[in-house]
Amino acid sequence: MSIRTGSVVAATLLLSAMACSAAEKAGGGTSAMGSTWADAAKMPDLFSGMWMTFSGMIEGDDKLNVPYTPKAQKFVDAYKYKRDIPYAEEGCATPGLPISMRTGPVKFTYAPGLITIYMQAVGHTRFIRMNQPMGKTSPKYYGNSVGHFEGDTLVIETRDFLSDITFTYGMGKGLPADGTVGTASGAVNAFFGVNPGGGGRGGPPAGGPPGAGAPGAGPAAGGAPAGGPPGAGGPPGAGGPPGAGAPGGGGRGPRAAGLSTNIWGPHGEGMYMVERYRLVNPNSMELKLTIYDDTVWTAPNETTRTYNRIQKGISELGPFSGEPEEWVCTVSITSFDPNTNTYKDKDPEEMVKYLDKQGH
């Protein structure tokens with residue numbers, strides 16, 4: 001090999017190494033955490049058992065509200081709670097993110113370059129491509145997600161959402177308290193075992209029959225913890241704090257549980273979310289969620305909530321064993337017609353007969 005040829009080869013190798021290093025720094029390199037099977041032993045244990053949050057499907061504190069843009073403020077000023085809340089309807093459409101991550105157990109799994117999250121309450125799975133460029137995809141209910149690790153924190157960025165996901169702007173004044181869950185009728189209260197004057201007695205196992213979601217949650221909320229919508233108590237015999245469904249606390253009564261007091265509306269085309277998952281201890285995981293939408297808020301919308309690990313034989317909770325199960329939505333229980341200002345609720349006995357006819 002001549003000196004000239006050797007110099008060319010050396011320069012080529014040097015440039016290749018520099019390019020690989022730059023790619024790795026940009027999140028596309030194979031040396032980043034989450035790229036090989038060996039990485040499974042190095043990552044924080046997000047994968048044993050399942051995780052569940054007991055903070056409710058939506059935030060219920062108006063102190064978390066972020067100032068609205070002028071456009072969003074006009075929407076909020078014209079908002080009609082009974083008309084504009086997204087009611088559960090037939091069709092079993094998922095509410096999308098972030099609500100689907102809050103309505104039941106979730107299961108993280110790993111393969112090189114990919115983390116998946118199975119959301120049992122909706123029976124759907126998210127796919128998070130690790131250490132890859134975001135790119136652009138067609139809009140989806142769960143968006144287009146890429147992830148990477150920053151130390152012991154899993155960071156997931158998600159974009160490209162469909163326009164019809166269930167999206168909340170923040171807390172508003174809500175409907176007058178009438179002793180119902182959200183804005184559902186007394187028949188729905190009775191079905192979920194809610195006592196308007198006191199705590200819930202808990203609903204049917206795993207949140208009632210498929211599709212028995214509370215208004216505003218979409219039909220996918222049927223498998224939610226707490227025997228139905230937040231505030232309806234825990235699994236049978238468990239009770240639970242309002243809006244949580246965790247066992248052991250007794251309830252305060254439904255009190256709308258934030259569902260009917262939230263402002264629900266369309267998100268901007270460029271809306272995106274960043275989730276940061278970190279283990280606080282072996283059985284607790286913290287999620288810091290930041291939602292960016294400059295058509296709705298003048299600043300990012302930031303919330304923090306805790307997920308608890310559910311593991312078979314260690315920390316089972318009511319009907320939730322810590323092992324993933326199949327769940328399929330087949331029928332909705334209630335809907336609302338804003339044109340006639342009427343509900344299409346069924347009382348419990350009628351609902352049982354209806355489900356029997358449907359073969360459920």
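This is a predicted model, so every value here is computed, not measured. (Residues numbered from 1 in each chain as written. Predicted model: local features only at pLDDT ≥ 70, side-chain atom pairs only at ≥ 80, totals over all residues. Heavy atoms only, no water.)

## Quick look at the overall build of the chain
Rules: Helix numbering and strand numbering both begin at the N terminus, where a helix is a DSSP run of H or I of at least 4 residues and a strand a DSSP run of E of at least 2. In what follows, residue pairs with any heavy atoms lying within 4.5 Å of each other are defined as contacts. Residue exposure ignores everything except the shown protein chains as possible cover, and the areas themselves are Shrake-Rupley values with a 1.4 Å probe.
When its secondary structure is counted, the chain shows five helices and 13 strands. Within the chain, residue pairs in contact and separated by at least 24 positions form 64% of the contacts whose partners lie at least 6 positions apart. When the accessible area of the chain is evaluated, it comes to approximately 16600 Å², of which 55% is carbon and sulfur surface.

## Focus: the confidence of the model for the chain
The condition is simple: Residue-level confidence of the predictor is what pLDDT reports, using numbers from 0 through 100.
Looking at the chain, pLDDT values average 72 and 58% of them are 70 or higher. In the model, residues 1-6 has pLDDT below 50 throughout and makes one contact with residues more than four positions away in sequence or in other chains. Scored below 50 in pLDDT, residues 8-29 shows 10 contacts in the model against residues more than four places distant or in partner chains.

## Quick word on the side chain of Thr158
The line we're drawing: Polar contacts, as counted here, are pairs of nitrogen or oxygen atoms within 3.5 Å of one another; within protein the pair requires one atom able to donate a hydrogen and one able to accept it, and residues that are adjacent in sequence qualify only if both atoms are side-chain atoms.
Along the chain, Thr158 falls in strand S6 (residues 153-159). At 2.7 Å, the side chain of Thr158 and the side chain of Ser145 are in polar contact. Setting aside anything within four residues of it in sequence, one finds Thr158 in contact with Leu97, Arg126, Met134, Tyr142, Gly143, Asn144, Ser145, Tyr272, Met273 and Glu275.

## Describing empty space enclosed by the protein
Test applied: Of the two site types, the cavity is a set of points on a 1 Å grid over the protein atoms alone where a 1.4 Å probe fits but cannot get out, and the pocket is an open set with protein on both sides within 12 Å along at least five of seven lines, each lined by residues with an atom within 4 Å of a point. Grid points are joined across faces, edges and corners, and a volume is the space filled by probe spheres set on the points.
Here the structure, examined in full by the defined rule, presents four cavities of 30 Å³ or more. Counted as a void, the largest cavity has a volume near 240 Å³. Around the largest cavity sit 20 residues that line it, and Glu59, Thr168, Asn262, Asn301 and Thr303 are the ones nearest its centre. Sorting the residues of the lining of the largest cavity by element identifies strand S7 (168-171), strand S10 (284-292) and strand S11 (301-310) as the ones contributing at least two each.

## Regarding the pairing of strand S3 (residues 114-119)
Just so we agree on the cut-off: For each residue, the accessible area found with a 1.4 Å probe, counting protein chains only, is set against the maximum for its type, and the residue is called buried under 20%, exposed over 50%, and partly exposed in between. A pair of strands is considered paired only if DSSP assigns at least 2 bridges between the two.
Summarising burial for S3: five of the six residues are buried, a large majority. Looking at chain direction, strand S2 (residues 106-111) and S3 are connected through six bridges and run antiparallel. Residue pairing in the sheet places Thr109 in a bridge with Thr116 of S3. Between S2 and S3, which follow one another and run antiparallel, lie two residues, and Gly113 among them has a positive phi close to 85°.

## Considerations on the pattern of salt bridges
Note the threshold: By salt bridge we mean one thing: a side-chain nitrogen of Lys or Arg within 4 Å of a carboxyl oxygen of Asp or Glu.
On inspection of all chains with the given rule, the structure shows nine salt bridges. Of the charged contacts in the structure, one is a salt bridge between Lys136 and Asp160, with a shortest N-O distance of 3.0 Å. Here Lys136 is found in the loop between strand S4 (124-130) and strand S5 (144-150), whereas its partner Asp160 is found in the loop between S6 and S7, with 24 residues between them in sequence. You can call Lys136 exposed: its relative accessible area is 69%. A salt bridge links Glu150 to Arg276; the shortest N-O distance between them is 2.8 Å. Taken as a pair, Glu150 in strand S5 and Arg276 in strand S9 (residues 272-281) lie far apart in primary sequence, 126 residues in all. In this structure Glu150 comes out as partly exposed when scored by relative accessible area, which is 38%.

## Considerations on unusual backbone geometry
With an omega of 0°, the peptide bond running from Leu97 to Pro98 counts as cis. As for its placement among the helices and strands, Pro98 is situated in the loop between helix H3 (81-84) and S2. In this structure, Asn131 is a non-glycine residue whose phi angle is positive, near 60°. Inspection of the secondary structure puts Asn131 in the loop between S4 and S5. Its identity is not glycine, yet Asp160 carries a phi of approximately 65°, on the positive side. Exposure remark for Asp160: the relative accessible area of 9% places this residue in the buried category.

## Description of the nonpolar core
Filter applied, for reference: The set of buried Ala, Val, Leu, Ile, Met, Phe, Trp, Tyr and Cys residues whose side-chain atoms join them within 4.5 Å is what this entry labels a nonpolar core.
The biggest cluster of nonpolar side chains holds 47 residues, and the ones touching the most others in it are Phe108, Ile115 and Leu154. Of all elements in the fold, only helix H2 (70-77), S2, S3, S4, S6, strand S8 (262-264), S9 and S10 reach the threshold of two or more residues within this core. Per-element accounting of this core gives the leading share, four residues, to S10. When neighbours within four sequence positions are excluded, Leu154 is seen to be in contact with Leu46, Phe108, Ile115, Met130, His148, Phe149, Glu275, Arg276 and Tyr277. Judged by nonpolar contacts, the second largest core, of five residues, contains Met52, Phe54, Leu317 and Phe320.

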